Amino acid sequence: QVQVVESGGGLVQPGGSLRLSCTGSGKLTFRDYRVEWYRQAPGKQRELVAAISNIESADYADSVKGRFTISRDNAKKTVYLQMNSLKTEDTAVYYCNVRHPLYRDSLNYWGQGTQVTVSS
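A.B. asks: Tell me about the sheet that holds strand β7 (residues 68-73), and name the residues and values.
C.D. replies: Taking strand neighbours across the sheet as the criterion, the 4 strands line up as β1-β3-β8-β7 in an open arrangement whose pairing is antiparallel. In the strand order of this sheet, the two ends are held by β1 (3-7) and β7, each with one partner. The mean inter-strand angle of the sheet, taken between neighbouring strand axes irrespective of direction, is 15°. Inspection of the sheet shows β7 paired to strand β8 (residues 78-83) by 6 bridges, in the antiparallel sense. Across the sheet, the residue bridging to Phe-68 is Met-83, located in β8.

This is how it looks when you write it as structure tokens:
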């Protein structure tokens with residue numbers, strides 16, 4: 001049984017920082033998987049925020065470039081999303097998706113999400 005768990009969300013003031021973690025467990029060769037962070041704000045569609053491939057190539061949404069950094073520690077089966085200079089519009093539930101690059105449908109796992117609230 002594969003599980004994916006996000007953590008690290010919370011309440012932060014504008015301009016502050018948070019680091020989210022996405023940790024996999026179970027029968028998961030984590031290093032082989034692409035990991036993506038999505039977010040969904042109330043009344044809005046889920047959007048892709050950042051992604052890191054199995055060869056550690058990173059991509060970012062334009063809205064977070066220069067502020068967010070994605071990284072991975074395969075030994076810990078964890079991907080991090082460092083979020084700096086947070087804005088109120090970053091408020092959302094953040095979800096992690098762990099997906100095999102070749103078996104995108106069958107080997108595709110979501111976490112339960114972690115709430116990030118940016119407010120003064």
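A.B. asks: Tell me about the pairing of strand β4 (residues 34-40), residues and numbers included.
C.D. replies: Burial analysis of β4 places 5 of its 7 residues in the buried class, the great majority of the element. Bridging between β4 and strand β9 (residues 92-99) involves 7 bridges; their strand directions are antiparallel. Residue Gln-40 lies in a different strand from β9, and its bridge partner there is Val-93. Here 5 bridges tie β4 to strand β5 (residues 47-52), and the two strands are oriented antiparallel to one another. Along β5, the bridge assignment pairs Val-35 with Ile-52.

A.B. asks: Could you give me a rundown of the environment of Gln-45, with the residues and numbers involved?
C.D. replies: Mapped onto the fold, Gln-45 is located in the loop between β4 and β5. Not counting residues up to four positions away in its chain, the partners in contact with Gln-45 are Arg-39 and Gln-40.

A.B. asks: How would you sum up the packing of aromatic side chains? Please name residues and give values.
C.D. replies: All chains considered together, the criterion is met by 2 aromatic pairs. Pairing Tyr-33 with Tyr-109 gives two aromatic rings, centres 6.4 Å apart and planes at 45°, and the pair type is tilted. Of this pair, Tyr-33 sits in the loop between β3 (18-25) and β4 while Tyr-109 sits in strand β10 (residues 108-110); the two residues are 76 residues apart in sequence, bridging distant segments of the chain. Each of the two residues, Tyr-33 as well as Tyr-109, counts as buried. The interplanar angle of 50° and the centroid separation of 5.2 Å between the aromatic rings of Tyr-38 and Trp-110 together place this pair among those described as tilted. Taken together, the residues Tyr-38 in strand β4 and Trp-110 in strand β10 connect sequence positions 72 residues apart. The ring of Tyr-80 carries the charged tip of Arg-19 above its face, separated from the ring centre by 4.2 Å. Of note, Arg-46 hangs over the ring of Trp-110, and the distance from its end group to the ring centre comes to 4.8 Å.

The rules behind each value
- Along every chain, residues carry numbers that run from 1 in the direction the sequence is written.
- At least 70 in pLDDT is required for a residue's local features to be given in this predicted model, at least 80 for side-chain atom pairs to be given and counted, and no such filter applies to totals for whole chains, interfaces and linings, which use all residues.
- The basis for every side-chain value is the complete set of non-hydrogen atoms in the structure, without hydrogens or water.
- One requirement defines pairing of two strands: DSSP has to find at least two bridges between them.
- Only DSSP runs of H or I covering at least 4 residues are called helices, and only runs of E covering at least 2 are called strands; the numbering of each starts at the N terminus.
- Think of each axis as a best-fit line through the C-alpha atoms, taken over the contacting stretch in the case of a helix, with angles from 0 to 180 degrees between the N-to-C directions.
- For every residue, the accessible area (1.4 Å probe, protein chains only) is compared with the maximum for its type, and the residue is labelled buried under 20%, exposed over 50%, or partly exposed between those bounds.
- Here, residues are in contact when the closest pair of their heavy atoms is within 4.5 Å.
- Between rings of Phe, Tyr and Trp, where Trp is taken as its six-membered ring, a pair exists when centres lie within 6.5 Å; planes separated by under 30 degrees are stacked, by over 60 edge-to-face, and by other angles tilted.
- To sit over a ring, a charge needs its Lys NZ or Arg CZ within 6 Å of the ring centre and within 35 degrees of the ring normal.

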